[in-house]
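# Summary of structural features
The lines below spell out each chain.
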Amino acid sequence: MEPQQRSPLLEVKGNLELKRPLVKPPSRLPLSGSRCKRRFDQMEDVLEPEKKRTRGLGTVTKFAISHHRAPVGTTVPQTQGQAAAPKVPKKTGPRCSTAVASVLKNQKAAPAAPAQKPGTTAAPPKLGGKKPSKRPGWDLKGQLSDLNAELKCYRERTQTLDQENQQLRDQLREAQQQATALGAERRTLEGELARVRAQAEQGQQELGNLSARVLELEERLGTQEGLVQELQKEQLGLQAERRELTTRLEEQERRLQTSEAALSGSQAEVASLRQEAAAQATLLAERGERLHGLEMERRRLHNQLQELKGNIRVFCRVRPVLPGEPTPPPGFLLFPSGPAGPSDPPTHVSVLRCDERRGTLSGAPAPPTRHDFSFDRVFPPGSGQDEVFEEIAMLVQSALDGYPVCIFAYGQTGSGKTFTMEGGPAGDPQAEGLIPRALRHLFSIAQELSGQGWTYSFVASYVEIYNETVRDLLATGTRKGQGGECEIRRAGPGSEELTVTNARYVPVSCEKEVETLLLLARQNRAVARTAQNERSSRSHSVFQLQISGEHAGRGVQCAAPLNLVDLAGSERLDPGLALGPGERERLRETQAINSSLSTLGLVIMALSNKESHVPYRNSKLTYLLQNSLGGSAKMLMFVNISPLEENVSESLNSLRFASKVNQCVIGTAQANRK
């Protein structure tokens, strides 16, 4: 760059030997508030000697600095020592910018003084607001004094601006402290920095407008030197900013290293957990294998235990005396204790019978005859439904293991067969029969086995056999009571499974569904009044539950039926009874019932004797239960007897029939597994 021509003002200053540092010219780059303050402070330090020279003046001209609505150019006389700076209201944001713009507007309103020609005398400035006279050109000291007076006025304005700028800087410092406390991310800080720079540029522009006169004078004192110094200051600011960014970068790098270390530790922990999970999975698989083996062993031992008890078992149950019935004489029914004493459940029952038709030679009545019977278990009149079911719960579970199970309730009319199978009035949990209790037990065990991978499905049907006709007890609507439509057929060609055509097969999964089916069947069952019972069941009811289980993980399947049969009353016919129209219908019912019961006994005997032909088809009852009576099935018969002495004949017949069944032995049961 070519050296600039030295201004006349600098030559005069050199002649006067003013030994003071040059006033730093303003930078044309955007400056922050702190830098602007330092620049005007330096100008104030340079012109400090001029202040002392101008103290002798009586009054000075004070330029009012106000908002943009205040009038421009007003002067106020002021004595020496009085405070010249007015109170500046604390402003932030746009209001501060408005004040600065007002000052700049006032400054621009005053025209710049024309340059004085050399050799002329400048007029002294007028005091009290009057315009100073023009000084001659050779009066450089006077001109300098005027400039100092004018500079003092601008310095006062500058101090006011510095106060406002100081307020802005304080607000900016608070905003920066808040930004640091909140820990904003780098992008937010950069945006804030850009906004602050934009504000600083706007402030610089406003300050430049206010100090337009000062800039004209400072440009004559050396624009290039001031620009270099301003660039150095800018460099220092950038270096400080770079150090701050470097510090932040180091902090971020430390945090990144900490995060990487934590990530490495987490990855190692994850790898360890994966290894542990794999080991646990292996152990779980091994335990699953062991559990499956134990379950298979449990089923084998359970079946072995049931076989030791006998694949055909007979229980005897004596119902209690009902209100209004005569009390039996003492000793009519005896229940001798077992080998272990009174704590051992009874297995024997004795019936004392007094026959008035028999007598001795002396004419005295013959002593009563004692009939002793032995069964697998005997339930006295005080036994509850829960005690009865507890004895057969394991047998019911065998159906879940894949073994066909058939449970009969046999006895004369009024001996408690239906109560044993279906229960008493609804709503009494103590009176629930074997059917709802058995299904609740099966649902519970199936839920437990689901944790081992087994899934079970249950399908229920309920039919009755009345006069060798099959009726659907679950029929509704127009099909209700139409028994001729139901026939016993094989499920398919070559299949051993038997089904009842046109009968409802209802999937069940909870107790409520079973209760609904039992209520519907109770309403549809054929009953009639007999000499033994006001409401007697005149048909065999068969509740069948088809159970299907599958272990998908091992490809094992099992299926078996659970049959709960309530047989009709087994009364003998009285040959001397006079038959009317109603009695003839009861006679046909009794003949059909006794025929089917007789066939049931023949089938059990044929199975026990291993005969080549088993007469299943002689009765609809035995034909329907064919798959649940053979060597692969487990069977239990409840013989229900009345405690009344008047029914002793029928009770003895029932006990004799049950004793014959109890003496039968069927082959080893086999589970139906695939």
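Residues numbered from 1 in each chain as written. Predicted model: local features only at pLDDT ≥ 70, side-chain atom pairs only at ≥ 80, totals over all residues. Heavy atoms only, no water.

## Some remarks on the overall build of the protein
Worth spelling out the cut-off: The secondary structure listing takes helices from DSSP runs of H or I that are at least 4 residues long and strands from runs of E that are at least 2 residues long, numbered from the N terminus. Each residue is assigned to one of three classes by its accessible area relative to the maximum for its type, calculated with a 1.4 Å probe on protein chains only: buried under 20%, partly exposed between the two thresholds, exposed over 50%. Contacts between residues were defined by any pair of non-hydrogen atoms, one from each residue, lying within 4.5 Å. Working definition of accessibility: Shrake-Rupley area with a 1.4 Å probe, residue cover restricted to the visible protein chains.
Check the secondary structure of the protein and you find 14 helices and 18 strands. Taken across its 674 residues, the protein has 39% of its residues classed as buried. In the protein, of all internal contacts separated by at least 6 residues, the share reaching a separation of at least 24 is 70%. Carbon and sulfur atoms form 54% of the exposed surface of the protein, whose accessible area is close to 37500 Å².

## A short note on helix H6 (residues 186-210)
Given 3.6 residues per turn, any residue in an α-helix points the same way as the ones three and four places further on. Keep this limit in mind: What a helix is expected to span follows from its residue count: subtract one and scale by 1.5 Å.
With 25 residues, H6 should reach 36 Å at 1.5 Å per residue; the first-to-last C-alpha distance of 35 Å fits that figure. Among the residues of H6, those classed as buried are Val196, Ala200, Gln204, Glu206, Leu207 and Leu210.

## Quick look at the packing of aromatic side chains
Note the cut-off: In this analysis, rings of Phe, Tyr and Trp, with Trp reduced to its six-membered ring, are considered paired at centre separations within 6.5 Å, and the interplanar angle assigns stacked below 30 degrees, edge-to-face beyond 60, and tilted for intermediate values.
Under the defined criterion, the tally for this structure stands at 8 aromatic pairs. Look at Phe379 and Phe638: their rings are 6.4 Å apart centre to centre, the planes differ by 35°, and that puts the pair in the tilted class. Separated by 259 residues along the polypeptide, Phe379 in strand S7 (residues 377-379) and Phe638 in strand S18 (residues 634-641) bring together distant segments of the chain. There is no split in this pair, since Phe379 and Phe638 are both buried. Where Tyr462 meets Phe543, the ring centres are 5.3 Å apart and the plane angle is 85°; that geometry is what we call edge-to-face. You can see Tyr462 sitting in strand S9 (residues 454-466) and its partner Phe543 sitting in strand S16 (residues 540-551), a full 81 residues away along the chain. Accessibility classification places Tyr462 together with Phe543 in one group, the buried group. One aromatic cluster in this structure is built from Phe315, Phe379 and Phe638.

## Observations concerning the nonpolar core
To keep things clear, this is the line we draw: Put simply, a nonpolar core is a bunch of buried Ala, Val, Leu, Ile, Met, Phe, Trp, Tyr and Cys residues held in one set by side-chain atoms that sit within 4.5 Å of each other.
Residues Cys316, Phe375, Phe408, Leu629 and Leu655 are the most contacted members of the largest nonpolar core, which totals 51 residues. No other element matches helix H12 (residues 581-608), which puts 7 residues into this core. With residues near it in sequence (within four places) discarded, Leu655 still touches Cys316, Val349, Val351, Phe373, Phe375, Val639 and Ile641. If you look at the next biggest cluster of nonpolar residues, it comprises 46 residues, including Met421, Tyr456, Leu520 and Leu562.

## So, the pairing of strand S8 (residues 405-411)
This is how the line gets drawn: Only when DSSP finds a minimum of two bridges between them are two strands counted as paired.
Burial of S8 is extensive: 7 of the 7 residues sit out of reach of the surface. Of the two faces of S8, both are covered, the one formed by Val405, Ile407, Ala409 and Gly411 as well as the one formed by Cys406, Phe408 and Tyr410. With 5 bridges connecting them, S8 and strand S17 (residues 556-566) associate as parallel partners. Within the sheet, the bridge partner assigned to Phe408 lies in S17 and is Val565. Across 7 bridges, the pairing between S8 and S18 is parallel. Directly across from Phe408, in S18, lies its bridge partner Met637.

## Re the sheet that holds strand S4 (residues 333-334)
If you walk across this open sheet you meet the 3 strands as S4-S5-S6, and the pairing is antiparallel. The open sheet has two edge strands, S4 and strand S6 (369-374), and neither has a second partner. Looking at chain direction, S4 and strand S5 (residues 348-353) are connected through 2 bridges and run antiparallel. The residue bridging Leu334 from the neighbouring strand is Ser350, located in S5.

## Re the pairing of strand S3 (residues 312-318)
On a regular strand, each side chain points to the face opposite its neighbour's, so the side chains alternate between the two faces of the sheet. A large share of S3 lies buried, amounting to 7 of its 7 residues. Side chains Ile312, Val314, Cys316 and Val318 project from S3 onto one buried face, and the interleaved Arg313, Phe315 and Arg317 project onto a second face that is buried too. The pairing of S3 with S18 spans 7 bridges and is classified as parallel. Each residue of the ladder has a partner; that of Ile312, found in S18, is Met635.

## Concerning helix H14 (residues 648-662)
Its 15 residues give H14 an end-to-end C-alpha distance of 20 Å, which sits within 8% of 21 Å, the value for a rise of 1.5 Å per residue. Here H14 has its buried residues at Val648, Glu650, Ser651, Leu652, Ser654, Leu655, Phe657, Ala658, Ser659 and Val661.

## So, the environment of Ser398
Mapping Ser398 onto the fold places it in helix H8 (residues 385-400). For the pair Ser398 and Lys634, spaced 236 residues apart in sequence, the C-alpha separation works out to 8.5 Å.

## Describing the pattern of salt bridges
It is possible for side chains of opposite charge to pair when their charged atoms get near one another. Using the following cut-off: The term salt bridge refers to a side-chain nitrogen of Lys or Arg lying within 4 Å of a carboxyl oxygen of Asp or Glu.
Applying the stated criterion across every chain, the model contains 15 salt bridges. We note a salt bridge from Glu190 to Arg186, for which the minimum N-O separation is 3.1 Å. Taken together, the residues Glu190 and Arg186, both in helix H6 and 4 residues apart, mark about one turn of the helix. One network of salt bridges, with partners in common, ties together Arg377, Glu387 and Glu391.

## Side note on unusual backbone geometry
If you check the backbone angles, Asn502 has positive phi at about 60° while not being a glycine. With relative accessibility at 45%, the residue Asn502 sits in the partly exposed group. Phi at Lys610 is positive, roughly 55°, even though this residue is not glycine. Assignment of secondary structure puts Lys610 in the loop between H12 and helix H13 (620-624).

## Some words on the packing of helix H10 (residues 434-450) against helix H11 (residues 511-524)
For clarity, the threshold we go by: Axes here refer to lines fitted to C-alpha atoms; in helices the fit is confined to the stretch in contact. Angles between the N-to-C directions go from 0 to 180 degrees. Roughly parallel means an angle under 35 degrees; roughly antiparallel, over 145; roughly perpendicular, 65 to 115; everything else is oblique. Less than a right angle of anticlockwise turn of the near helix away from the far helix marks a crossing as left-handed, whereas a clockwise turn marks it as right-handed. Under the grouping applied here, Gly and all other residues not named as nonpolar or charged are polar, the nonpolar ones being Ala, Val, Leu, Ile, Met, Phe, Trp, Tyr, Cys and Pro and the charged ones Asp, Glu, Lys and Arg.
Put simply, H10 and H11 touch, their axes get as near as 10 Å, and they point 155° apart. In terms of their interaxial angle, H10 and H11 are classed as roughly antiparallel. For the crossing formed where H10 meets H11, the hand is right-handed. Contacts between H10 and H11 involve Ile435, Pro436, Leu439, Arg440 and Phe443 on the former and, on the latter, Glu511, Val514 and Leu518. Across the contact of H10 with H11, the residue classes break down as 6 nonpolar, no polar and 2 charged.

## Notes on the packing of H8 against H10
For the pair H8 and H10, the least separation of the axes is 9 Å and the interaxial angle reads 50°. By the criterion of interaxial angle, the relationship of H8 to H10 is oblique. The two elements H8 and H10 meet at a crossing, and its hand is right-handed. Seen from H8, the contacting residues are Gln385, Asp386, Val388, Phe389, Ile392, Ala393, Val396, Gln397 and Leu400; seen from H10, they are Leu434, Arg437, Ala438, His441, Leu442, Ile445, Ala446 and Leu449. A per-class count over the contact of H8 with H10 returns 12 nonpolar, 3 polar and 2 charged.

## Focus: the confidence of the model for the protein
Quick note on the threshold: Across the chain, each position has a pLDDT score giving the predictor's confidence in that residue, from 0 to 100.
On average, the protein scores 76 in pLDDT, and the residues at 70 or more come to 69%. Across the protein, element-level confidence peaks in strand S13 (residues 506-508) with a mean pLDDT of 94 and bottoms out in strand S1 (residues 120-123) with 42. The model gives residues 8-37 a pLDDT under 50, and that stretch makes 62 contacts with residues more than four places away or in other chains.

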